[in-house]
Amino acid sequence: MAAIYQAAYRRAALFCRSHSTYVKKMRYLNKLKEDDSLCRQAQTSGTFYLFHNLSPFLRKVEEKYLIPQLSAAGALERSVIEAELKGSFTDLRKALFVVDEDSSSLLASAQALLRWHDSHQYCSKTGQPTQKNVAGSKRVCHASGITYYPQMSPVVIILVSDGSRCLLARQPSFPQGMYTALSGFCDIGEAVEETARREVAEEVGLEVESLWYSASQHWPFPSSCLMIACHALVRGQQLEISMNSLELEEARWFGLEEVMEGLKREPKSAKQDNGNFLPWFPPKQAIAHQLINEWVKQQTS
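Residues numbered from 1 in each chain as written. Predicted model: local features only at pLDDT ≥ 70, side-chain atom pairs only at ≥ 80, totals over all residues. Heavy atoms only, no water.

Describing the overall build of the protein
Scanning the protein from terminus to terminus reveals eight helices and 13 strands. Per-residue burial over the protein gives 35% buried out of 301 residues. Nonlocal contacts in the protein, meaning residues at least 24 apart in sequence, comprise 60% of its contacts between residues at least 6 apart. Surface summary for the protein: the accessible area is close to 18600 Å², and the carbon and sulfur share equals 52%. (Helix = DSSP H or I, 4+ residues; strand = E, 2+ residues; numbered from the N terminus. Buried < 20%, exposed > 50% of the residue type's maximum accessible area, 1.4 Å probe, protein only. Contact = heavy atoms within 4.5 Å. Areas by Shrake-Rupley, 256 points an atom, 1.4 Å probe, with all protein chains shown as cover.)

Description of the pattern of salt bridges
The full count for this structure, using the stated rule, is 11 salt bridges. With its nearest N and O atoms 3.7 Å apart, the salt bridge here joins arginine 252 to glutamate 250. With a relative accessible area of 29%, glutamate 250 lands in the partly exposed category. Through salt bridges with shared partners, a single ionic network connects Asp187, Glu190, Arg198, Glu199 and Glu202. (Salt bridge = Lys/Arg side-chain N within 4 Å of Asp/Glu carboxyl O.)

Regarding the nonpolar core
Core analysis: the biggest nonpolar cluster contains 29 residues, and Ile157, Leu159, Leu168 and Val259 have the highest contact counts within it. If you list the elements that add at least two residues to this core, you get helix H4 (92-95), helix H5 (101-119), strand E8 (153-161), strand E9 (166-170), strand E11 (208-219), strand E12 (225-234) and helix H8 (287-300). (Core = buried A, V, L, I, M, F, W, Y, C linked by side-chain atoms within 4.5 Å.)

A few points about a nonpolar patch on the surface
Together, Tyr22, Met26, Tyr28 and Leu29 line one region of the surface with nonpolar side chains, adding up to about 390 Å² of accessible area. Inspection of the secondary structure puts methionine 26 in helix H1 (residues 2-34). (Patch = residues over 30% accessible without salt bridge, like charges linked within 9 Å, V, L, I, M, F, W, Y side chains within 5 Å.)

Notes on unusual backbone geometry
Excluding glycine, most residues fall at negative phi; most peptide bonds, likewise, are trans. With omega at -10°, the peptide bond leading from phenylalanine 221 into proline 222 counts as cis. With respect to the secondary-structure elements, proline 222 resides in the loop between E11 and E12. Positive phi is not limited to glycine here, since asparagine 53 has a value of about 50°. Turning to its location among the elements, asparagine 53 is positioned in the loop between strand E1 (51-52) and strand E2 (55-61).

Points about the packing of aromatic side chains
Tallying each qualifying case throughout the model produces five aromatic pairs. Taken together, a centroid distance of 5.9 Å and an interplanar angle of 80° make the contact between phenylalanine 254 and phenylalanine 281 edge-to-face. Highlighted residues: phenylalanine 254 in strand E13 (residues 250-254) and phenylalanine 281 in the loop between helix H7 (256-264) and H8, separated in sequence by 27 residues. Assessed through its relative accessible area of 0%, phenylalanine 254 is described here as buried. Residue classification places phenylalanine 281 among the buried residues on the basis of a relative accessible area of 5%. Ring-pair connections join several aromatic residues into one group, and the members of that group are Phe97, Trp219 and Phe221. For the cation-ring pair, arginine 93 lies above phenylalanine 221, with the distance from its terminal atom to the ring centre recorded as 3.9 Å. (Phe/Tyr/Trp six-rings, centres within 6.5 Å; stacked < 30°, edge-to-face > 60°. Lys NZ or Arg CZ within 6 Å of the ring centre and 35° of its normal.)

This is the structure we're talking about:
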């Protein structure tokens with residue numbers, strides 16, 4: 001009994017310590033956002049990610065891409081930095097898919113914040129310059145007293161299924177061969193469910209019968225977005241796709257076997273000898289990949 005009690009106490013103590021550590025971390029980060037002096041102090045011992053024109057600096061070590069964390073940042077020329085640190089500033093669309101998951105999330109958040117500051121340098125009411133705080137968590141117009149905070153635009157991404165197939169589409173701007181789930185911005189006044197049903201109707205001419213939430217993800221393109229991922233089931237009597245060609249280049253049904261093959265396929269191996277491309281899907285860092293994986297598991301369980 002003593003051994004059982006001791007083991008239970010250890011588990012409880014471990015849970016409390018983990019919870020306490022998380023709470024302390026979140027409260028400390030919140031203080032950094034609001035307390036300029038505390039933030040300046042933290043910067044003296046902190047590390048920095050480097051960006052040039054919104055592109056992060058990466059260094060390739062063997063087969064991995066790493067993000068050097070520097071103890072100081074200076075106004076050096078791009079070529080000097082790349083030569084000294086033996087790396088290169090890389091477009092974020094590529095960088096997100098060659099670094100690990102934690103670094104990918106940090107890079108996306110950092111670039112979104114930099115982009116927001118670049119586009120909010122003036123007050124929309126007075127036209128006067130706004131000033132950011134040390135942490136960069138807000139900008140203030142001292143003429144009007146308005147405080148601006150970084151925002152995200154809600155986007156619903158929907159994987160449509162008829163029960164045995166899923167619907168995937170592509171836009172003309174996509175890399176050749178890539179298909180993904182439908183998506184669209186929430187209109188003012190819309191609930192997530194309303195956006196999902198409207199987007200499916202607008203883009204492929206189908207009516208959603210049922211809808212359920214999967215997960216969410218911050219996504220920095222085209223600007224800072226909150227991707228809200230859902231699965232949708234369409235009515236069995238109406239399965240013929242009526243594609244909106246103003247938004248999509250192609251939309252079609254995919255069977256389970258074709259989806260499983262597409263998940264395994266790398267973009268580089270998608271091109272065939274005749275110049276055509278086999279279907280491939282967004283990489284695992286994208287929430288669309290998660291939706292497609294979930295659908296496969298539902299079909300095979």
